[in-house]
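# What the coordinates show
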Amino acid sequence: MPSYYELYRTSTLGMALTDSLDELIQAGHITPQLAIQVLDQYDKSISEALSSKVKAKAVMKGNLRTYRFCDDVWTFIIKNPTFKFDHDSASADKVKIVACNARRPGE
């Protein structure tokens, strides 16, 4: 079975899922093995949903301060970024972008 990146487990949704699974394990309602299966399914589902259902595009401008490439993962630190969407915009002091290879592991 191919594995998926665990990148989205640190999102708000992923952390909430992890916390809920931990509570269920502590209460004895599920086994740790079932929790791992649920997280693996979450990794697969979120990856497939983002690649097939999200069609939004954005334009970003900012000052690239740091970039690195390690183990097929790009990391960018951008200062003073501005994001422009179709009908909205957003800005921040700093943003960290982590980009992984689009191919599924094992392909």
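Residues numbered from 1 in each chain as written. Predicted model: local features only at pLDDT ≥ 70, side-chain atom pairs only at ≥ 80, totals over all residues. Heavy atoms only, no water.

Identification of the chain as Transcription initiation factor IIA subunit 2 from Kickxella alabastrina is taken from an unreviewed UniProt entry.

### What about the confidence of the model for the chain?
Taken over all residues, the pLDDT of the chain has a mean of 89, while the share at 70 or more is 93%. In the model of the chain, strand E4 (residues 94-100) stands out as the element of lowest mean pLDDT, 91, in contrast to helix H1 (residues 12-26), which has the highest, 96. (pLDDT = per-residue confidence, 0-100. Helix = DSSP H or I, 4+ residues; strand = E, 2+ residues; numbered from the N terminus.)

### A short note on a positive patch on the surface
Taken together, Arg65, Arg68, Lys79, Lys94 and Lys96 make up a surface patch of like positive charges. Here Lys96 is to be found in strand E4. Exposure remark for Lys96: the relative accessible area of 55% places this residue in the exposed category. (Patch = residues over 30% accessible without salt bridge, like charges linked within 9 Å, V, L, I, M, F, W, Y side chains within 5 Å. Areas by Shrake-Rupley, 256 points an atom, 1.4 Å probe, with all protein chains shown as cover. Salt bridge = Lys/Arg side-chain N within 4 Å of Asp/Glu carboxyl O. Lys, Arg positive; Asp, Glu negative; His and termini not counted. Charge placed at Lys NZ, Arg CZ, Asp CG, Glu CD. Buried < 20%, exposed > 50% of the residue type's maximum accessible area, 1.4 Å probe, protein only.)

### A look at the side chain of Arg9
With respect to the secondary-structure elements, Arg9 resides in the segment before H1. Residue Arg9 is classed as buried on the basis of its relative accessible area, which comes to 17%. Apart from residues no more than four positions distant in its own chain, Arg9 is found in contact with Gly14, Met15, Leu39, Asp40, Tyr42 and Asp43. (Contact = heavy atoms within 4.5 Å.)

### Section: the packing of aromatic side chains
Each aromatic ring pair is specified by the distance between its two centres and by the angle formed by the two planes. Considering all chains together, one arrives at two aromatic pairs under this definition. Between Phe69 and Trp74, the aromatic rings sit 4.7 Å apart at their centres with planes inclined by 40 degrees, giving tilted as the arrangement. Take Trp74: its relative accessible area is 35%, and that puts it in the partly exposed class. A centroid spacing of 5.6 Å and a plane angle of 10 degrees characterise the contact between Trp74 and Phe76, whose relative ring orientation is stacked. An aromatic cluster of three or more residues is present, and its members are Phe69, Trp74 and Phe76. (Phe/Tyr/Trp six-rings, centres within 6.5 Å; stacked < 30°, edge-to-face > 60°.)

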